[in-house]
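# Descriptive analysis of the structure
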There are 4 protein chains.
Amino acid sequence: MNKDGATAHVLSKERADFLLRDFGRGFVKFCGFEGIAADPGRFESRVQIESRHRQQDGFIHAGVMATMADHTAGYAAFTLVSQDHRILTVEFKINFLRPASGECLICRATVIKDGSRIIIAESEVCDLHGRQESVVAKALVTLTAVPVNRIVSKD
Amino acid sequence: MNKDGATAHVLSKERADFLLRDFGRGFVKFCGFEGIAADPGRFESRVQIESRHRQQDGFIHAGVMATMADHTAGYAAFTLVSQDHRILTVEFKINFLRPASGECLICRATVIKDGSRIIIAESEVCDLHGRQESVVAKALVTLTAVPVNRIVSKD
Amino acid sequence: MNKDGATAHVLSKERADFLLRDFGRGFVKFCGFEGIAADPGRFESRVQIESRHRQQDGFIHAGVMATMADHTAGYAAFTLVSQDHRILTVEFKINFLRPASGECLICRATVIKDGSRIIIAESEVCDLHGRQESVVAKALVTLTAVPVNRIVSKD
Amino acid sequence: MNKDGATAHVLSKERADFLLRDFGRGFVKFCGFEGIAADPGRFESRVQIESRHRQQDGFIHAGVMATMADHTAGYAAFTLVSQDHRILTVEFKINFLRPASGECLICRATVIKDGSRIIIAESEVCDLHGRQESVVAKALVTLTAVPVNRIVSKD
């Protein structure tokens, strides 16, 4: 693990806008998640809940919250690396605090350890009923930054 | 945690068939996952990969594997409880061993601790390239069985 | 998972004092950990670092931090249950943010989900160099409360 | 994450003997854990249980099992790297399957993903009552190999 602590990071408006657009591709677009805020070491996303997000009992599926927690953590990490790096998830762990059934979910991810090899982030998923927000899941996510030229893209 | 070890469980053909059909509802149907085998304490699922399952670099999204690992573990737990119980995920942790890019994923979940309050399962997600199978993710999943009458369904 | 949210808990001075003393028994006494503060849903502990807490490179061993994170989370849970209940750890996950090498560790645990079956807590372990405190590990801990009469004690 | 799969590793008798001795230093020596077998990608350890390993109810403390799972996984990783590398734990997650109360614990760790940056291992902790062995805990451990010259040792 690197010993470097928090460093001052600057996130240009162009890069933030790019990440907000880039967030919603592939599986994440299919799930309907949208990036809504990008700051250095932080990212926020949102999804309007529809019937396709639910499980057999009508609650929001754990997989929806897990995907959101993972992907939002990944983009929080993207705010701290240069454009020639990709972020891959090494592992994550998520606890579901209570069944979620609101009309909307918000996810906020924060990098708690920046490093050149290993980046660690926390994600919180909140359920919205009207203006009432409650935390429904918390995740700890381990990510790694890999130079683009070491990835063989499948696009 | 209960101290009861593995007990002999019987899974009727009716119950197994019901669980295989029930597996693919809501978010899981939307994701295209299918139940393919149900045995006492074990469940197997599969998904044909399409472009909607990928992430920004063309690999299969971590959220697809996480959702599959969680949901398949849940149904492995369902094979051990009576029909008046629902299974909810308390938490899970998943490690991604290598980028997945095959045409199909298979997930196999096994209950490693059965109990009246807490059920623990392991899931393994495999990537298929032709007939070549490789493990791409492993998860440890903690579940709880709740009597149906204690759940307020959202259906 | 239970749906009950945060409830108002009262922790008597007698119960708090009992938990602070009870904290340091068996393996935890052997490790030199001490309870230093108990509030409803919160617990704080501390250990003076000696050579026996280190690993092969001279850093504080991950197992010291993990044991502290787990045990302190357990006592945070104890503040919310009646005296006829025991707390057992179902599972935990801990991320190590940076190597720890200070003269003292402080651990603060907070219950983030109270329930009659499942209790979830977060623990933060901080390294102290003089007056400088830095977070070295974060854990998410799942616990269960079991009535004493269901445990066959080994004392 | 690297894409390299399992590679053929050779572990010299000298290196294996060194790792078996090196295993039991610092906190691990203090806890009484011993290395008992080292093979490429695998490590086995053992501890004779004494009263200092127990918690408030007389069971073996979760921290004992967690430390053993972590440290044994670390030495399984050491069997795959050259002598100029150190292994640090990035994170781990451990599930406790049943209370442990035997006279001895055995831990077996296996590397499930080898890589130049990230190594992933599984550990299984077994409780021994006479000749009867039962699995009491399972862990998934993420490690990183760091060249010695990048670590500032605290010895």
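Before any of the text, the structure's been laid out above.
## Observations regarding the overall build of chain A
- The number of helices and strands found in chain A is three helices and six strands.
- Its helices and strands in sequence order give chain A the pattern α-α-β-β-α-β-β-β-β, from N to C terminus.
- Expected size for 155 residues packed as a compact globule is a radius of gyration near 15 Å; at 15 Å, chain A falls within 12% of this value.
- Taken along its principal axes, the extent of the C-alpha atoms in chain A is 45 × 35 × 25 Å.
- By the burial criterion, 62% of the 155 residues in chain A qualify as buried.
- Look at the contacts in chain A between residues 6 or more apart in sequence, and 64% of them connect residues 24 or more apart.
- Averaging the positions of the 20 positive and the 19 negative side-chain charges in chain A gives two centres separated by 3 Å.

## Concerning the relation of the copies chain C and chain D
- For the pair chain C and chain D, the superposition axis carries a translation of 0.0 Å, the fit reaches an RMSD of 0.0 Å, and the rotation angle comes to 180°. Taken together, the rotation and translation describe the operation of a two-fold axis. Judged by C-alpha distance, K93 of chain C is the residue of chain C that lies nearest the rotation axis, at 2.0 Å.
- When you check the interface residues of chain C against chain D, 100% turn up at the interface there too, and the contact is symmetric in its surfaces.

## Comments concerning the packing of helix α3 (residues 62-78) of chain C against helix α3 (residues 62-78) of chain D
- Between α3 of chain C and α3 of chain D, the least distance of the axes is 9 Å, while the angle of their chain directions is 150°. Viewed along their axes, α3 of chain C and α3 of chain D form a crossing whose handedness is right-handed. Taken together, the residues of α3 of chain D that come into contact with α3 of chain C (itself represented by A62, G63, T67 and D70 of chain C) are A62, G63, T67 and D70 of chain D.
- Classifying every residue of the contact of α3 of chain C with α3 of chain D by side-chain character gives two nonpolar, four polar and two charged.

## Quick look at the interface of chain C and chain D
- Facing the 42 residues of chain C at the interface are 42 residues of chain D.
- Here chain C is connected to chain D by four salt bridges.
- The shortest N-O distance in the salt bridge between E91 of chain C and K93 of chain D comes to 2.7 Å.
- At the junction of chain C and chain D, the tally comes to 16 residue pairs in polar contact (both at pLDDT 80 or more).
- At the level of elements, α2 (26-31), α3 and β3 (85-96) of chain C are the ones that each hand at least two residues to the side of chain C that touches chain D.
- In terms of residues, the side of chain C that touches chain D owes the most to one element, β3 of chain C, which gives eleven residues.

Definitions and cut-offs
- Residues numbered from 1 in each chain as written.
- Chains lettered and ligands numbered in written order.
- Predicted model: local features only at pLDDT ≥ 70, side-chain atom pairs only at ≥ 80, totals over all residues.
- Heavy atoms only, no water.
- Helix = DSSP H or I, 4+ residues; strand = E, 2+ residues; numbered from the N terminus.
- Rg over C-alpha atoms; globule rule 2.2 N^0.38 Å.
- Buried < 20%, exposed > 50% of the residue type's maximum accessible area, 1.4 Å probe, protein only.
- Contact = heavy atoms within 4.5 Å.
- Lys, Arg positive; Asp, Glu negative; His and termini not counted.
- Charge placed at Lys NZ, Arg CZ, Asp CG, Glu CD.
- Least-squares fit on C-alpha atoms with pLDDT ≥ 70 in both.
- Axes fitted to C-alpha atoms, helices over the stretch in contact; angles between N-to-C directions.
- Left-handed = near helix turned anticlockwise from the far one by under 90°.
- Nonpolar A, V, L, I, M, F, W, Y, C, P; charged D, E, K, R; others polar.
- Salt bridge = Lys/Arg side-chain N within 4 Å of Asp/Glu carboxyl O.
- Polar contact = N/O pair within 3.5 Å; in protein donor to acceptor, adjacent residues only side chain to side chain.

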